[in-house]
Amino acid sequence: MKLIHLLILAATVLALAACNSNEDKATNAGSANDNAPSNAQSVTDHGAKDKSQVGFEMAGGNIEEATNVPKKAKTAIIAAFNEYMDAFNEENIDRYMKIISKKPEGFNYETEKTDVQAAFKEYDITRTAENTTIIQYDENNAQVFANLKTNLVQPSTGAKLERNGRQVTVFVKEDGKWLVTSVYFMMETSK
């Protein structure tokens, strides 16, 4: 049971990818380290200080594509999201950290690097995104919604875990590049 609980926590951490907020360390409220039961809905919103700026209701509702996104920006933002996913799936820490903001709102850059390296060492993880949609946009900030499927295997034990959820990845424009600054994730409830 302890192994399954550990795998659930690891899957949550990895699905969040960039969600290790220093502000949350004092209370651990809403962090991936919380011990939520595996059959409960879990929402983690490490990110923007003003949560009203996140253009997505995590508990459901329709996902609507932002209509004000110029074609060139849309291409760049979706390419940044795909790079974020691909670098993680390839377990390439240098490539992954290049798509992460150097001044993120939702986590500490160096802690993220350390945590993700440890996860890559301990687990084989694959994340797959579907229904990728830009849901909010301005010239310096974009929010990308996706349904995520996370498959996690711990080679040392053979333990496997699959989790699905909904994620909003918040990008900020730094030095002309779209980089991840925070992530909001809600794991689907177990059936």
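The structure displayed is predicted, hence computed values, not measured ones.

Right, let's talk about the overall build of the protein for a bit. Scanning the protein from terminus to terminus reveals four helices and five strands. For the protein, the α and β elements follow one another from N to C terminus as α-β-α-α-α-β-β-β-β. When burial is assessed residue by residue, the protein has 46% of its 191 residues classed as buried. When the accessible surface of the protein is totalled, it reaches about 10000 Å², and 46% of it is carbon and sulfur.

Moving on, we get to the nonpolar core. In terms of nonpolar packing, the biggest core is built from 36 residues, with Ile-77, Tyr-84, Tyr-96, Ile-100 and Tyr-137 touching the most fellow members. Elements that contribute at least two residues to this core include exactly helix 2 (71–89), helix 3 (93–98), helix 4 (109–122), strand 2 (124–138), strand 3 (141–154) and strand 5 (177–187). Among the elements that line this core, the one with the most residues is helix 2, at eight residues. Listed in part, the five residues of the second largest apolar core include Ile-135, Val-168, Val-170 and Tyr-184.

Moving on, we get to unusual backbone geometry. Phi at Glu-91 is positive, roughly 55 degrees, even though this residue is not glycine. Along the polypeptide, Glu-91 turns up in the loop between helix 2 and helix 3. Positive phi outside glycine occurs at Asn-131, with the angle close to 55 degrees. Turning to its location among the elements, Asn-131 is positioned in strand 2.

Here we take up the packing of aromatic side chains. Using the criterion set out here, one finds five aromatic pairs in the structure. Arranged with centres 6.1 Å apart and planes meeting at 50 degrees, the rings of Phe-81 and Tyr-84 form a pair that is tilted. One end of the pair is Phe-81 and the other is Tyr-84, both in helix 2 and three residues apart, which spans about a single turn. Look at Phe-81 and you get buried, because its relative accessible area is 1%. Relative to Phe-120, the ring of Phe-88 has its centre 5.2 Å away and its plane inclined at 65 degrees; by these criteria the two rings are edge-to-face. Here Phe-120 lies in helix 4 and Phe-88 lies in helix 2, a separation of 32 residues in the sequence.

Right, let's talk about helix 4 for a bit. For helix 4, built from 14 residues, the straight-helix expectation of 20 Å at 1.5 Å per residue is met to within 8% by its first-to-last C-alpha distance of 20 Å. Of the residues making up helix 4, those classed as buried are Tyr-109, Thr-111, Glu-112, Val-116, Ala-119 and Phe-120. With its buried residues spanning 165 degrees around the axis, helix 4 presents them on a single face.

Parameters and conventions
- Residues numbered from 1 in each chain as written.
- Predicted model: local features only at pLDDT ≥ 70, side-chain atom pairs only at ≥ 80, totals over all residues.
- Heavy atoms only, no water.
- Helix = DSSP H or I, 4+ residues; strand = E, 2+ residues; numbered from the N terminus.
- Buried < 20%, exposed > 50% of the residue type's maximum accessible area, 1.4 Å probe, protein only.
- Areas by Shrake-Rupley, 256 points an atom, 1.4 Å probe, with all protein chains shown as cover.
- Core = buried A, V, L, I, M, F, W, Y, C linked by side-chain atoms within 4.5 Å.
- Phe/Tyr/Trp six-rings, centres within 6.5 Å; stacked < 30°, edge-to-face > 60°.
- Expected span 1.5 Å × (residues − 1).
- Arc of directions from axis to C-beta.

The values are spatial; any link to function lies outside them.
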